[in-house]
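Results of the structural survey
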Amino acid sequence: MSETMSADQFREFIARGQKAQASADRVLSGRRAQSSGKDFERALEHTHKDYLAAGVADLWKLPVETQPMPPAWLREPQKSGIARLLATRQRFDYAGVLAVPFGRMVAMEAKANSERARSLAVILEGDVSASGKPRHRHGVKVHQLEALVRAWKYGALAALVWKNGEERLVLAGPMLSECLQRALMGLEKAIDRTHFRPY
């Protein structure tokens, strides 16, 4: 048995290593984004408590309705009582009321990513790759933008807040509507960070 690799074996070895590294990078990126999202959520909850204590606003996180995942969908069917999936589509993450102007509703969707990005993806219904998987795992979904625009048109203060790396950005009012229309017309598949304002 030879102890040296042929050039083809070496290339295959490198390709396998790169594939494994890419897979590990995707998992770590997802975990970083999830961790960043949880950190951002905790910071928002703290800020909302401060707003309530100061008499500025009463904001709360909306509950997410889930249901057990069917055992046939699981690799480990014994975990069927633990694994859950969304039962309904969430319109936005937070709701509340402002003290001034008296009783104005607030509707807010929060997004976060650990590293600074140029844009936030807009996830269209049915936007899947040839394998049937969603093209984008992170971003704002069209139905969420539609719900925010509807709330804004009905008189609410509607906002999409984005923790983009260390930046804290907000998109509100007519710009929400404009970005939604551009996405629906196929003109843009993401909202450029320049459309957001710092807060």
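Here the structure is shown first, and the text comes after it.
As the structure is a prediction and not an experimental result, all values here were calculated from the model.

So, on to helix 2 (residues 142–153). With twelve residues, helix 2 extends 16 Å between its outermost C-alpha atoms, agreeing within 8% with the 16 Å of an ideal straight helix rising 1.5 Å per residue. Where helix 2 is concerned, the buried positions are Val142, His143, Gln144, Leu145, Ala147, Leu148, Val149 and Ala151. In this structure, the buried residues of helix 2 make contact with strand 5 (105–113), strand 6 (119–123), strand 7 (140–141), strand 8 (157–164), helix 3 (174–184) and strand 10 (190–192). One or two residues past the end of helix 2 sits Gly155, with phi positive at roughly 110°.

Looking at the element boundaries, Gln90 is found in the loop between strand 3 (84–86) and strand 4 (94–98). Between the alpha carbons of Gln90 and Glu65 there is a distance of 8.3 Å; along the sequence they are 25 residues apart. The residues contacting Gln90, other than those within four sequence positions of it, are Leu62, Pro63, Val64, His143 and Gln144.

In this section: the nonpolar core. One finds Leu145, Leu160, Leu176, Ile191 and Phe196 to be the most contacted residues of the largest nonpolar core, which totals 24 residues. Looking at this core, the elements with two or more residues in it are strand 6, helix 2, strand 8, strand 9 (167–172) and helix 3. Considering each element in turn, this core owes the most residues, six residues, to helix 2. Aside from chain neighbours lying at most four places away, what touches Ile191 is Arg118, Ser119, Leu120, Val122, Val140, Leu145, Leu160, Leu171, Cys179 and Phe196. Residues Phe40, Tyr94, Met108 and Ala110 belong to the second largest nonpolar core, which totals six residues.

Calculation criteria
Residues numbered from 1 in each chain as written. Predicted model: local features only at pLDDT ≥ 70, side-chain atom pairs only at ≥ 80, totals over all residues. Heavy atoms only, no water. Helix = DSSP H or I, 4+ residues; strand = E, 2+ residues; numbered from the N terminus. Expected span 1.5 Å × (residues − 1). Buried < 20%, exposed > 50% of the residue type's maximum accessible area, 1.4 Å probe, protein only. Contact = heavy atoms within 4.5 Å. Core = buried A, V, L, I, M, F, W, Y, C linked by side-chain atoms within 4.5 Å.

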